[in-house]
Amino acid sequence: MAKITPSGIPVLTTYIAATQFDMPALAKQYDIYSISYQHAADKQEKAEIKRTIPSLLYKTGCVLSMVDDYYSKRYYVLLPLQHNFSFDDPRVSVKRVRFEYTPTYILDKLLLRALARKSTQANAALGRFEQNGLYYLVNFKKSRKAKITNKKLIAVEIDIDADWSGRTDSGEVPRCLIAKVVTFTPVEELQDASGKLYAEYAMEPRYALDLNSAMVSKSVKGEYIKVAASKFKNRVAAIELKELDLELFERTKTGVISQCLDDIKTVYGDTFCVALKSFPSHLELLPKGNEIKKHYAVITGRLLQHPIFLINTTNDEQAEQRLLHQLITDGYSVSCAAEPEQDNLNLLITHHKDTYARGQDPYLQVKQANPGVIIQNCTIENLIDAKGHLSSHVYEVLLKELFVKLELSTKQILIDNMPDALGATYIIAQRVGVAEIRYYTLQIDNARLHFGRLSDVEAGALNQLINPHHSKMFNGSNWQLKPLMYWPEQQEYLFITDTPAVPLADINAILPILVSVEQSNGKAIPKALIEQFCLQFPGNAAGMLLLHYLATNTEVGAIKVADAKMVLKEDKSLKRSEAKEQLNQWLQNYGITLWQSVKKRQDGFLQAHHGLRVFAEHRMYFSANVQSVKASYGNFSRLYRLCGNVADVPTKFYELLTPSHIRHKQYSVLPYPFKYLREEIGRLELT
């Protein structure tokens, strides 16, 4: 099993520890008005107001920021002080609001969103803009349609969100910063062959881009619509530190959050402050040496006992042959077939599901026609990488998912020594229509899987047991329903819910390193300084190499830092050598940094991206990369919270997250039995 050790290094998160407002000082600079639409006659009128009022407010030319408060049915706007604000519209009522009477959750959003119009920082890497939200423009992306001239705009939206799962008995609700990727797509890409906008985009607001100011604003004839109209998501990395490049870092989600916090300090000083919260990590679970490798060896051994049939629904024979060759090389008994084979394992090759018309997805069609057959689908877009090779990662995922389906077919866990399921009943709720909720269940007994459903009586009894704070997790809307563990005999329950918050890398420690490296990149190392180093450390191979380079280039008396890095990098004998590190540390005394590692586990810089970490006191945890620490991560690891009446969550609960084939070569975010239950629900929905 995984090694469990205490961890004393605190982890920074996007939870907000505190927001502070100097109300008198803010009131000397800004005005706040509320525009109420709560008395609108009907839903249609409210919808029309919500569609038109924001653009009308921005057209007044004085709005710094705006918040639509769903609960009070009001718009709040922030304006410069004593601006002669006038807004006459018979559908709404307008009233000036004092700062001290403005709800905190409105005030901090207004001030946050106003950063775009108040920020005076000149930053070539990031453009800030606000249109009912704060956006940092981080990238331009070429359209997939060749004739389209405008590029897509990729932005990161920063906002403040509430975590209702953490609401206390006193009514306090934790809040956190969120960073969400938003795409502004050229209008041309959303038009049909005749140049007419597709119906689903016809009523969407239009945006215009000013390249000089990097500002995006609403415009009736704007060339962009805020929508990711693509089958493949536009992504922004969580963090990028491979090159220790400050601009690359700033274009990541972590970098944008860091920039936002800096903007708040620059614009507001002490009048508005936001502090993020750190948590002491009580436990960290890390795998032993070859645990994952051995785990997957067992899966391979089980799969080798069964014939595999390959069904290709596409015209791409090359992809089929590459997959076939790899399976044969790995020792599988595999052959091609036109239809799935009963009582055997089947792999289906298709295109991405979005390329097919509604109802024409071959995978769904084959599954519906063969409900009892073990079938795993793979798409050519994922199977073949950019270089035309078989993706080893996708290949491994394909086989482990096939293994899970084999387990479901046999209703038997086929790996020995899986963590104890704690005797719980695992429940996933799904709302069907408006009135009905189905509660699917799983119990595990002696490695056997027993699926079922709660009766109305059982669901009613459980509902009576659940705390009112948690009731929506059991009987709310679909997005509110959460996975549940239930112990009927003890009358105990535990919901597992994702929060809006994520753990963050140690920004305060990383930024000085990036600044130091960037400042060094513009410098040169004098020949005299290298000579001094070689005198002090005779025989140091790294120093002698640079000295030799300068000796063969007699016309220069110094070497640029970038050139020095290249010379040292090209000599393979110096890779990871003590000589290079000795030179690097010595040069830092003179304000020159060649490189610096941010990947050492003991430094804790990237702890937010490594391991399964538990904040026991707060009943929270997150599951990140459990293999070697990397310098680049594509996604954040979301924080999860445990809600229920269990007095003390046992450490064994976290062991339920460790079977690494449930989430490919990673620990999962939900106990492994939920994987089986979700797969079974998916199978039932197709029958």
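How each quantity is defined
The numbering scheme is per chain: residues are counted from 1 as the chain's sequence reads. With pLDDT at 70 or above as the cut-off, local features in this predicted model cover only qualifying residues; side-chain atom pairs require 80 or more to be listed or tallied, and sums for whole chains, interfaces and linings still use all residues. Derived side-chain values reflect all non-hydrogen atoms in the structure, with water molecules and hydrogen atoms excluded from consideration. Two strands pair if DSSP finds at least two bridges between them. Runs of H or I in DSSP of at least four residues are treated as helices and runs of E of at least two as strands, each being numbered from the N terminus. Between N-to-C directions, angles cover 0 to 180 degrees, with each direction set by a line fitted to C-alpha atoms, over the stretch in contact for helices. Whether two aromatic rings pair depends on their centres lying within 6.5 Å, for rings of Phe, Tyr and Trp, where Trp uses its six-membered ring; planes under 30 degrees apart make the pair stacked, over 60 edge-to-face, and the rest tilted. Burial classes: relative accessible area under 20% of the type maximum marks a residue as buried, over 50% as exposed, and values in between as partly exposed (1.4 Å probe, protein chains only). The criterion for a charge sitting over a ring is simple: Lys NZ or Arg CZ within 6 Å of the ring centre, and within 35 degrees of the ring normal. Put simply, buried Ala, Val, Leu, Ile, Met, Phe, Trp, Tyr and Cys residues joined by side-chain atoms within 4.5 Å make one nonpolar core. Throughout, a residue-residue contact means that at least one pair of heavy atoms, one from each residue, lies within 4.5 Å.

*Asks:* Just checking my understanding: could you explain the sheet that holds strand S3 (residues 30–36) for this structure?
*Replies:* Strand-to-strand pairing in sheets goes through backbone hydrogen bonds, with the strands running parallel or antiparallel. Within the open sheet, the four strands sit side by side as S4-S5-S3-S6. Their pairing is antiparallel. Because the sheet does not close on itself, it has two edges, and the strands there are strand S4 (65–69) and strand S6 (93–97). Sheet twist, expressed as the mean angle between neighbouring strand axes with direction ignored, is 25°.

*Asks:* What am I meant to see in the packing of aromatic side chains here?
*Replies:* To describe a pair of aromatic rings, you give the distance between the ring centres and the angle between the ring planes. Enumeration over the complete set of coordinates arrives at 22 aromatic pairs. A ring pair is formed by Tyr 621 and Tyr 640, whose centres lie 5.8 Å apart and whose planes are at 20°; its orientation type is stacked. Taken as a pair, Tyr 621 in strand S30 (residues 620–623) and Tyr 640 in strand S32 (residues 640–644) lie far apart in primary sequence, 19 residues in all. A relative accessible area of 14% places Tyr 640 in the buried class. Seen from the ring of Tyr 440, Arg 453 lies directly overhead, with NZ or CZ sitting 5.8 Å from the centre.

*Asks:* Would you mind showing me how to read the pairing of strand S25 (residues 492–498) here?
*Replies:* Remember that side chains alternate between the two faces of the sheet whenever the strand is regular. The buried fraction of S25 amounts to five of the seven residues, a majority that puts the element mostly inside the structure. Relative to S32, S25 runs antiparallel, the two being bridged by five bridges. Counted as the bridge partner of Phe 495 is Cys 643 from S32.

*Asks:* Whenever I open this one, the environment of Pro 512 confuses me. Can you help?
*Replies:* Here Pro 512 shows up in helix H14 (residues 507–521). Residue classification places Pro 512 among the partly exposed positions, given a relative accessible area of 46%. Sequence separation between Pro 512 and Leu 246 is 266 residues, and the spatial gap between their C-alpha atoms is 10.0 Å.

*Asks:* Help me out: how do you make sense of the nonpolar core in this one?
*Replies:* Side chains that are nonpolar tend, in soluble globular proteins, to be buried together. One finds Leu 323, Met 485, Tyr 621 and Phe 653 to be the most contacted residues of the largest nonpolar core, which totals 68 residues. When residues in this core are grouped by element, the largest group, nine residues, is from helix H11 (residues 392–410). With residues near it in sequence (within four places) discarded, Met 485 still touches Leu 422, Ala 424, Thr 425, Tyr 426, Glu 492, Tyr 493, Leu 494, Ile 496, Phe 653, Leu 656, Pro 671 and Phe 674. Of all hydrophobic cores here, the second largest spans 45 residues; its members include Leu 64, Leu 112, Leu 276 and Ile 507.

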